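Report on the structure
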Amino acid sequence: DQGTSWGAATTIWTPAYSLNGRQIGVSGATATRCGLFYATSTAIKFRVYNGDTNAWGNESSYTHAGTVVSIGAVHASADTYYCAVIVEDYATWTDSALLMQTFTYNAGFATPTVYIGVQGVAGGAASYAYNNAHITKISATSYGLTYTYSQSKSDGALYNSNDT
């Protein structure tokens, strides 16, 4: 919060769901570069928070081809943020994909790059899927990416996530 006291509560959007891995707050380099990344069905969005004026900025948005399951984000430097986005039914060749996407304060969201994807059973629920994404800054040029992966025998996988 850059030493800024928070003012009265402000509603920036009213979700039809509870916190579920599709919302993440990011601290930026200055009081005017902190904000909130969040997803609504197929879109990932960002709103900057200005601690100096206690106000939320305009929404930036990027619509994905499938359903956004999880997002992770980190402030990289100056006006740049990195996002890890898990999308279900991203393309015909993948039931679940982990994408890397850059957001720049003045330019918005860049086209995502596929980091990894898996294909399960055709139609119905995916037998293999990525569930939660998290990205963290380790140093000025190093980042850590973690994600969870699950399997479902009932949907056609060779084993379940909890099989031993």
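First, a word on scope: everything that follows refers to the structure included in this document. In this text the structure is predicted, and so the values were computed from the model without any measurement. (Residues numbered from 1 in each chain as written. Predicted model: local features only at pLDDT ≥ 70, side-chain atom pairs only at ≥ 80, totals over all residues. Heavy atoms only, no water.)

1. A few points about the overall build of the protein
Of the regular secondary structure elements, the protein holds zero helices and 11 strands. Helices (α) and strands (β) of the protein occur, in sequence order from the N terminus, as β-β-β-β-β-β-β-β-β-β-β. Sequence separation of 24 or more characterises 41% of the internal contacts of the protein that already satisfy a separation of 6 or more. Carbon and sulfur atoms make up 50% of the accessible area of the protein, which amounts to about 8,600 Å² in all. (Helix = DSSP H or I, 4+ residues; strand = E, 2+ residues; numbered from the N terminus. Contact = heavy atoms within 4.5 Å. Areas by Shrake-Rupley, 256 points an atom, 1.4 Å probe, with all protein chains shown as cover.)

2. Comments concerning the pattern of salt bridges
The final tally for this structure, using the stated rule, is three salt bridges. Two residues, Asp79 and Arg33, come together in a salt bridge whose shortest N-O distance is 2.7 Å. Placement of the pair is Asp79 in the loop between β5 (67-77) and β6 (80-91) and Arg33 in the loop between β1 (23-26) and β2 (34-40), with a sequence separation of 46 residues. For Asp79, a relative accessible area of 21% translates into the label partly exposed. For Glu59, the salt bridge identified is with Arg47, shortest N-O distance 3.9 Å. Of this pair, Glu59 sits in strand β4 (residues 55-63) while Arg47 is found in strand β3 (residues 43-50), placing the two residues 12 residues apart along the sequence. Since its relative accessible area comes to 18%, Arg47 is described here as buried. (Salt bridge = Lys/Arg side-chain N within 4 Å of Asp/Glu carboxyl O. Buried < 20%, exposed > 50% of the residue type's maximum accessible area, 1.4 Å probe, protein only.)

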